[in-house]
Amino acid sequence: MIEVRDLRVGYAGRVVARVPELDVGAGECVAIVGESGSGKSTTLLSLLGLTEGADVSGNIKVCGVDVLKAAPRELRAIRGARVALVMQSPQAALSPTTRLGVLMRRALKLHGLPAGGRVMADAAEAVMLDPGILRRYPHEISGGQAQRFAIALAIALGAEVILADEPTSALDVTVQAEVVGVLRRLREERGLALLLVSHDLALVSTIADRVLVMRDGAVVESGPAAEVLSRPAHPYTRELLEALP
Amino acid sequence: MTLLRAQDVTLGYGGVPVVHGVTLDIAEGGAGLIGESGSGKTTLARAFLGLLTPMSGTIWYGTQNLRKADRRAFRADVQPVFQAESLDPRMRVGRSIAEALPRADRHRVPELLEQVGLAPDLATRRPHQLSGGQRQRVVIARALAVRPRLLVLDEPTSALDVTVQAKVLDLLAGLDTERLLITHNLAIVERLCRTSHVLFAGRVVESGPTADLLGRPAHPYTLALRDAVPKLGGEPPVARGRAEARPAATGCPFRLRCPLAVPECERAPEVREVAGRRVACHRAEDVLTGP
C-alpha cells in the first residue's frame, strides 16, 4: 500500500528527513519512532504530498499513485478517501458549528460515495461509537471519541491506509487503550495498513510489525519491531529504550 | 510529623465542588497524585500550594491551618515546579532565578544552575535560547533557590522527549527535598514516590505504598489504569470497563465504568483499610484476588 524509496524532504536547502526505504502492506502496521525534530511527522505528511514549500525527491507510491508525479486531482482522490490521516487532536480540525453526522455526510458526498444513514452508523459502530454521536457537535464529545470519529470517517470513506501521527498521545491512558484496541481490530478484520508516528516505544512495541527509528532527519535503525526493541543495534535506539521510566 | 496534610477537604470553582472530602498526608519519600484529566489532581495541588482556599475542610501546614499560617515561611518551605512554560520569556534565566533569592544571596545563581546540571554561563540566556529540558531545569533551580522542604511538581516532564525526561527524573530523584508529584504517568510515580494516591472524579479511591498499589491494585480504577499502560514487548494495553462513561453522580463515582459493579455500588463506599492501603470500593477484596 505504501512504497517509499530514497525519500529526501528539505526546507531551504536543509534536509529534514531522509528515508531510504519504507514499505507498508495491507494489514500491516509500521511505526516511525523518534523524538521532537527527528523528521517523523515530515515523513508522514510527505506521503500525501502535504509538505508544502518543501523540496521532496525520491519515489513515493501510495495505493498505486506516484505521489510526487500525480496531478492534484489524483492526489485529492486518495487523500481522505483511500488514505486517511489521523492527527493528535482531531477536534481542532472539526468545524465547531457542524454536527458530526453532517460532517461525515459532506465528506462522503465530496468523494462521490453514497451517504446513507446505514453506512454512517456502521462506520461509527466499527470504532465502538454509539451512532447517536453523529447528532452531536464536536465540543460535545471527548478527546477519545473525537479520535475514534476521525477513524470512523476513514472507515466510511473506505480507507485502505491510515496514517496516524501521535493518535493517542493527548489521551488518558485508559482511553488510549480503547483507541489502540480499535486500530488493532480494524487492521485484523479489514486489512487496513497502518503507519503510526509515535514517541512511545512501549506502545509501538505492542502494535507494530516493523519499526523505523529516526533521529535528526535520518533513519538510524529499522527492522522487525520485536527485534529492534528487544535487541537494538544502534546506540540511539538503546538510549531511547533505557530512557523509558 | 508531615509537612502538609489535607483533612476532609472539598475544593471547587465558583461554588461547584470538583474535589470532594479528601483526606491525605504528604508522607516522606515522595507522594504521588495519580489520575486522568479532570480527576482533580491539579486542583488538589493548588490547595496544597495555598493558591486555592478549601470550600470546607482544612489544609494543615504542620500544626497550623494553612489559611492562617505565615505565608512567608510557607513559601520558603513549599515551592511549586510547573511546566517549563512558566518562565518569563523576556527575562534572562539568571535573573529569573535571582528574583527568587534574597538580595544578599544573589551570588548563588551559578551554584543553583550547577545543582540542576546546567553550565553557569547559561544564566545570560533567555528561555527561548534553551532547550525544553534546560528550561525545566531552570524552573527547578528557581524553586530550589529558597531551600524548600517540599517541591510540588505538576507534570514536570510531560512535555519533554523521553531521553530528556530521563535526565530530569534523575535530577529530581537525586534531590534531598521532599516532593508531591502530580502526574498521569504511573512509571514516573513508581520511580519518585514511595506513597501514591489515586484520584477519580475528585475523590481519593486508593492510597498506599506505590509498589503495592501498582503491583496489586485493590480498586478497579487503579487496576484499569495500570493495565492500560503499554509495556515494552508486553501484551497490548487492556481497556477494562468503559473508559469514557461519565462519573456517576450518586453512589460510587466509578460504577458506570466499572466491570465489577454490582447493585451495592449505588451506595457510596466508605474508605477502609484493605491489605495495607486505604481504598474506597465495596469489592476491593475481589479486585485483590483478581480474575
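Residues numbered from 1 in each chain as written. Chains lettered and ligands numbered in written order. Predicted model: local features only at pLDDT ≥ 70, side-chain atom pairs only at ≥ 80, totals over all residues. Heavy atoms only, no water.

## Digging into the overall build of chain B
The line we're drawing: What counts as a helix is a DSSP run of H or I of at least four residues, what counts as a strand is a run of E of at least two, and both are numbered from the N terminus. Restricting the calculation to C-alpha atoms gives the radius of gyration, and the globule rule supplies 2.2 Å times the number of residues raised to the power 0.38. Any residue under 20% of the maximum accessible area for its type is buried, any over 50% is exposed, and the rest in between are partly exposed; the area is computed with a 1.4 Å probe on protein chains only. By definition, residues are in contact when any of their heavy atoms lie within 4.5 Å. Throughout, the Shrake-Rupley method with a 1.4 Å probe supplies accessible areas, and for residues the shown protein chains are the sole cover considered. Charge counting follows a simple rule: Lys and Arg are positive, Asp and Glu are negative, and His as well as the terminal groups are ignored. For the purpose of locating charges, the reference atoms are NZ of Lys, CZ of Arg, CG of Asp and CD of Glu.
When helices and strands are counted, chain B shows 10 helices and 12 strands. Computed over the C-alpha atoms, the radius of gyration of chain B is 20 Å, within 12% of the 19 Å expected from 2.2 N^0.38 for a compact globule of 291 residues. Here chain B holds 291 residues, and 53% of them are scored as buried. When contacts within chain B are restricted to residue pairs at least 6 apart in sequence, those whose partners lie at least 24 apart make up 61%. Put simply, chain B shows about 13,300 Å² of open surface, and 49% of that area lies on carbon and sulfur atoms. Considering chain B, the positive charge centre built from 39 side chains and the negative charge centre built from 31 side chains are found 5 Å apart.

## A few points about the sheet that holds strand β2 (residues 16-25) of chain B
Residue and element names in this part refer to chain B. Formally: Pairing between strands requires that DSSP locate at least two bridges from one strand to the other. Each axis is a line fitted through C-alpha atoms, taken for helices only over the stretch in contact, and angles between the N-to-C directions span 0 to 180 degrees.
What the 4 strands build is an open sheet, ordered β2-β1-β4-β5; its pairing is antiparallel. A single partner strand is all that each edge strand has here, and the edge strands are β2 and β5 (64-65). Bridge analysis of strand β1 (residues 4-13) against strand β4 (residues 56-61) gives 5 bridges, and the strand direction is antiparallel. By the bridge assignment for β4, R5 is matched with W60. Contacts from helix α1 (residues 41-48) reach β1, β2 and β4 within the one sheet, and its direction differs from that of β1 by about 120°.

## Thoughts on the interface of chain A and chain B
Basically, it comes down to this: Put simply, buried area is the surface a 1.4 Å probe can reach on two separate parts but cannot reach once they are joined, added for both. Only one rule defines a salt bridge in this text: a Lys or Arg side-chain nitrogen within 4 Å of an Asp or Glu carboxyl oxygen. The definition of a polar contact used here is a pair of N or O atoms within 3.5 Å, where within protein one atom must be able to donate a hydrogen and the other to accept one, and adjacent residues in sequence count solely through side-chain atom pairs.
Taken together, the 28 residues of chain A in the interface contact 31 residues of chain B. Of the roughly 2,300 Å² buried between chain A and chain B on both sides combined, carbon and sulfur atoms contribute 63%. Linking chain A with chain B are 0 salt bridges. Our enumeration of links across chain A and chain B arrives at 5 residue pairs in polar contact (both at pLDDT 80 or more).

## Section: the side chain of K41 of chain B
All names here are of chain B. For K41, the position within the fold is in helix α1. It turns out K41 is buried and unbridged, and the closest side chain with the opposite charge, E155, is 4.5 Å from it. A distance of 3.3 Å separates the side chain of K41 from the backbone oxygen of E36, its partner in a polar contact. When near neighbours in sequence (up to four residues on either side) are disregarded, K41 contacts L33, I34, G35, E36, E155, I182, T183, H184 and L199.

## Quick notes on the pattern of salt bridges
Taken as a whole, this structure holds 25 salt bridges over all chains when the rule is applied. Put simply, R118 of chain A and E125 of chain A hold a salt bridge, and the shortest N to O gap is 3.8 Å. The salt bridge partner of R283 of chain B is D286 of chain B, with a shortest N-O separation of 3.0 Å. Linked through salt bridges whose partners overlap, the residues forming this network are R5, E21 and D23 of chain A.

## Regarding the nonpolar core
Soluble globular proteins tend to pack their nonpolar side chains together in the buried interior. Short version of the rule: Think of a nonpolar core as a cluster: buried Ala, Val, Leu, Ile, Met, Phe, Trp, Tyr and Cys residues, connected wherever their side-chain atoms sit within 4.5 Å.
Of all hydrophobic cores here, the largest spans 61 residues; its most connected members are M104, F149, I151, I162, L186 and V204 of chain A. The element best represented in this core is helix α5 (residues 143-156) of chain A, accounting for 9 residues. Setting aside residues up to four positions removed in sequence, M104 of chain A forms contacts with M120, A123, L134, F149, A152, L153 and A156 of chain A. Counting residues in hydrophobic clusters, the runner-up holds 51 residues, among them V116, L130, L175 and F254 of chain B.

## As for helix α9 (residues 235-242) of chain A
Let me state the cut-off plainly: Note: the arc covers the axis-to-C-beta directions of the helix.
Taken residue by residue, α9 of chain A has Y236, T237, L240 and L241 of chain A as its buried positions. Down the axis of α9 of chain A, the sector holding all buried residues measures 140°, keeping them to one side. Those residues of α9 of chain A that are exposed and angled more than 90 degrees off the buried face are P235 and E242 of chain A. Where the residues of α9 of chain A are buried, they touch α7 (201-207), β9 (210-215), β10 (218-224) and α8 (225-230) of chain A together with α6 (162-174) of chain B.

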